[in-house]
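Residue-level listing of the chains:
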Number of protein chains: 2
Amino acid sequence: MALAFQRPVGRPATASRPASRRAPALRIVSAAATAPAPSPSSSASSVPASKLIDGKGIADTIRSEIAAEVAQLKAKHNLTPGLAVVLVGARKDSETYVRSKKKACAEVGFDSYGTDLPADVSEEELLKVVAAYNADPRVHGILVQLPLPKHISEKRILDAISIEKDVDGFHPLNIGALAMRGRDPLFVPCTPKGCIELLERLKVPISGRTACVIGRSNIVGMPAALLLQRRDATVTMVHSKTPDAAKICGEADIVIAACGVAEMVKGDWIKPGAVVIDVGINAKDDPTAKKGYRLVGDVDFEAAGARASLITPVPGGVGPMTIAMLLQNTLESARRAAKH
Amino acid sequence: MALAFQRPVGRPATASRPASRRAPALRIVSAAATAPAPSPSSSASSVPASKLIDGKGIADTIRSEIAAEVAQLKAKHNLTPGLAVVLVGARKDSETYVRSKKKACAEVGFDSYGTDLPADVSEEELLKVVAAYNADPRVHGILVQLPLPKHISEKRILDAISIEKDVDGFHPLNIGALAMRGRDPLFVPCTPKGCIELLERLKVPISGRTACVIGRSNIVGMPAALLLQRRDATVTMVHSKTPDAAKICGEADIVIAACGVAEMVKGDWIKPGAVVIDVGINAKDDPTAKKGYRLVGDVDFEAAGARASLITPVPGGVGPMTIAMLLQNTLESARRAAKH
């Protein structure tokens, strides 16, 4: 649930990565991934339930749909979707993410494969592991858990993953196809795909609407903007060098916030009636909470919720969608394999 | 000069391709490419010369710079940049473009290679020609002139061009790298690259400014938006489904018009002081002109010029930059070859 930015295979570390991916949030999110999640937002929320986008419920529905399709694939084609996860070293947070992915796979009937390598493994050895999964017909998706140790080139490893098994959708060939008209990527990155899936399942109109994407990371903001653009929204991408983010955001029918700064998007940034998708997950000190903190998004939930027509809570909004989309990508890959 | 949308190797035919690439404009542009171009805009223009962006002059400067570098490459590395152009069939317009490219190559000291194939050549035969150029170390850039005959898959042919020789920059791997932070494409598509080169040579600030790109084609609008975004502009892409294009355009410090509709962008769409780059080239009936028409851009030049601080004329603005950028891409490719 708390995997929003801690996407299965973490992403290339860039200067723009959300603050929430740095150490404190990682610690917290690891805890959240093993412990029961707190109920969405504060119990004292004044945002009516009718405005809440129930990401957890929708993700559960999707997982059930996937489980049913897996049963069919097994019966009809004697094929079980398989996801391989490669873990290098023994970072506690990475171990937690790998565990939740394997658990999610098991729940929908996927096979999961894993290779755990020591932190001092060579780049060549790791490439050999990737090559073996590329060649293994039982494996339909490959994730290499990031971050990798410093002596290994993440770019080289990620580019070595077969494009047919790149269930993260971050290969430049997939991103290029996402940007181009008349092309279709084999896989769409999981978190932005989850954002669009929420809009579509709730029948939020996208074509002809204005959209503002806050943040331009390779993992969320950029592909989210491309996905909205493909659906004929008029998209503006807002970032740290934008002179008047509040004004631009205030004109948008759809807001996707993925800047990684706790509650940066204020209530008065939101156009009345807008739909707000909050990708952020950040720890905020809260002496009244048992743990001394609570999880908040990149949007000031209470104030924005007063103006929005629909809004995702944090946690329980986008987070649960990410792993559901990873499972969906792996299922799609297996379906393609069944056709061939 | 008139090649703005008739990019060297024409692009995949999509529903979004600018109207100016359709038959009438093609006829005209063929003529314009062989006959001396009319002087920029009407001689009765009220736009002061100080506001005009002299694309032709800047392109001439770039060509001289390229010629000087070619001389160095020859002297130091005994290497001559080579561009291969493949022409299928005998379309008059395609023949004209191929001729102008070969002429431009000769002028800067490149070698040019050409293969002319009959209109009924098979896809397999054409792929063999591309493969031969891929393998030929004398060739640093490959263009397959589009459109291709219906029985040949443009996508399959274009994807077969080695990414190291894709001087058009339209391979999805190049577009993906253009979209991603922390990656650099091997080649940037020529027309949008020319737009940015104009802004940079004129020291127009991009970072922190707002930009509006009108049109979202694979060949101009989309890569232009990605290039502005990479330079930290806040970019909105406007298209046929945008509800209020005038309002969005009216807030932009930089406007790139590439919608392919004659004079669609009106004077009151332009924020006072904005910089306007007009990629369009369209024929407009004009009984006072010798030929009965004159060339206009996608912007109402007179009215927009009254409000803009800088504006490109049509012709003589972006057009001459496109071939200059094609030469620059080929030179870059040769330089990379010299390093290896």
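Residues numbered from 1 in each chain as written. Chains lettered and ligands numbered in written order. Predicted model: local features only at pLDDT ≥ 70, side-chain atom pairs only at ≥ 80, totals over all residues. Heavy atoms only, no water.

*Asks:* Which residues make up the UniProt feature "domain: Tetrahydrofolate dehydrogenase/cyclohydrolase catalytic" (unreviewed entry) in chain A, and what values go with them?
*Replies:* When the UniProt feature table is mapped to this numbering, "domain: Tetrahydrofolate dehydrogenase/cyclohydrolase catalytic" (unreviewed entry) covers residues 53-168 of chain A. Across residues 53-168 of chain A one finds 52% helix and 16% strand; the C-alpha atoms that close the span lie 24 Å apart. (UniProt positions renumbered as here; feature names shortened; annotations may be inferred. Helix = DSSP H or I, 4+ residues; strand = E, 2+ residues; numbered from the N terminus.)

*Asks:* Let's hear about the UniProt feature "domain: Tetrahydrofolate dehydrogenase/cyclohydrolase NAD(P)-binding" (unreviewed entry) in chain A: which residues, and what values?
*Replies:* Here, UniProt's "domain: Tetrahydrofolate dehydrogenase/cyclohydrolase NAD(P)-binding" (unreviewed entry) annotation points to residues 189-336 of chain A. Segment residues 189-336 of chain A splits into 35% helix and 19% strand. End C-alpha atoms: 18 Å apart.

*Asks:* So what's going on with the interface of chain B and chain A? Which residues, and what values?
*Replies:* Each partner contributes residues to the interface: chain B has 34 residues there, and chain A has 34 residues. Across the chain B/chain A interface, buried area totals approximately 3200 Å², and carbon plus sulfur atoms make up 52% of it. Among the residues of chain B in contact with chain A, Arg181, Arg183 and Arg216 of chain B are the three that bury the most area, contributing 21% of the side total. Across the pair Arg183 of chain B and Asp159 of chain A runs a salt bridge, and its minimum N-O distance is 3.0 Å. Put simply, chain B and chain A have 17 residue pairs in polar contact (both at pLDDT 80 or more) between them. For the side of chain B that touches chain A, the secondary-structure elements that each account for two or more residues are α5 (154-160), α6 (172-179), α8 (221-230), β5 (234-238) and α9 (245-249) of chain B. Of all the elements, α6 of chain B adds the most residues to the side of chain B that touches chain A, at 6 residues. Across the side of chain B that touches chain A, the residue classes tally to 13 nonpolar, 12 polar and 9 charged. (Contact = heavy atoms within 4.5 Å. Buried area = accessible area lost by both parts, 1.4 Å probe. Salt bridge = Lys/Arg side-chain N within 4 Å of Asp/Glu carboxyl O. Polar contact = N/O pair within 3.5 Å; in protein donor to acceptor, adjacent residues only side chain to side chain. Nonpolar A, V, L, I, M, F, W, Y, C, P; charged D, E, K, R; others polar.)

*Asks:* Give me the lowdown on the packing of aromatic side chains, citing residues and values where you can.
*Replies:* Tallying each qualifying case throughout the model produces 0 aromatic pairs over all chains. Over the face of the ring belonging to Phe187 of chain B we find Arg336 of chain B, whose NZ or CZ atom lies 4.7 Å from the ring centre. (Phe/Tyr/Trp six-rings, centres within 6.5 Å; stacked < 30°, edge-to-face > 60°. Lys NZ or Arg CZ within 6 Å of the ring centre and 35° of its normal.)

*Asks:* Describe unusual backbone geometry, listing the residues and the values that go with them.
*Replies:* Apart from glycine, the bulk of residues carry a negative phi angle, and the bulk of peptide bonds sit in the trans form. Residues and elements named next belong to chain A. Following Leu146, the chain continues into Pro147 via a peptide bond in cis, with omega recorded as 0°. Relative to the elements of secondary structure, Pro147 occurs in the loop between β3 (141-144) and α5 (154-160). A positive phi angle, near 50°, is found at Asn78, a position not held by glycine. You will see that Lys203, though not glycine, has its phi angle at about 55°, which is positive. Positionally, Lys203 belongs in the loop between α7 (190-201) and β4 (210-214). Residue class for Lys203 comes out exposed when judged on its relative accessible area of 72%. (Buried < 20%, exposed > 50% of the residue type's maximum accessible area, 1.4 Å probe, protein only.)

*Asks:* How would you explain the sheet that holds β3 of chain A if you had to name every residue and give the values?
*Replies:* Residue and element names in this part refer to chain A. Within the open sheet, the 3 strands sit side by side as β2-β1-β3. Their pairing is parallel. Whereas interior strands pair on both sides, the edge strands pair on one side only; in this sheet they are β2 (111-117) and β3. Ignoring strand direction, the axes of neighbouring strands in this sheet form an average angle of 15°. Direction of pairing for strand β1 (residues 82-88) relative to β3: parallel, over a ladder of 4 bridges. What sits directly across from Ala84, in β3, is Ile142. Strands β1, β2 and β3 of the sheet are contacted by helix α3 (residues 92-108), whose axis makes an angle of about 170° with β1. Where helix α4 (residues 123-135) meets the sheet, it contacts β1, β2 and β3, and its direction lies at approximately 165° from that of β2. (Pairing = 2+ DSSP bridges. Axes fitted to C-alpha atoms, helices over the stretch in contact; angles between N-to-C directions.)

*Asks:* Can you lay out the packing of helix α6 (residues 172-179) of chain A against α6 of chain B for me, pointing to particular residues and giving the numbers?
*Replies:* Following both chains from N to C, one finds α6 of chain A and α6 of chain B inclined at 90°, their axes separated by 7 Å at the closest point. Here α6 of chain A lies roughly perpendicular to α6 of chain B, going by the angle between them. Between α6 of chain A and α6 of chain B, the contacting residues are Pro172, Leu173, Ile175, Gly176, Ala177 and Ala179 of chain A on the first element and Pro172, Leu173, Ile175, Gly176, Ala177 and Ala179 of chain B on the second. Class assignment for the residues of the contact of α6 of chain A with α6 of chain B results in 10 nonpolar, 2 polar and no charged. (Parallel < 35°, antiparallel > 145°, perpendicular 65-115°, else oblique.)

*Asks:* Before we move on, could you go through the nonpolar core and cite the residues and values that matter?
*Replies:* With 122 residues, the main nonpolar core has Leu199, Leu228 and Ile256 of chain A together with Leu199, Leu228 and Ile256 of chain B as its most contacted residues. Ignoring any residue separated from it by four or fewer positions in sequence, one finds Leu199 of chain A in contact with Val204, Ile206, Leu228, Ile254, Val275 and Ile277 of chain A. (Core = buried A, V, L, I, M, F, W, Y, C linked by side-chain atoms within 4.5 Å.)

*Asks:* Which residues make up the environment of Asp232 of chain B, and what values do they have?
*Replies:* Note that Asp232 of chain B resides in the loop between α8 and β5. Here the alpha-carbon distance between Asp232 of chain B and Arg209 of chain B, two residues 23 residues apart in the chain, equals 7.7 Å.

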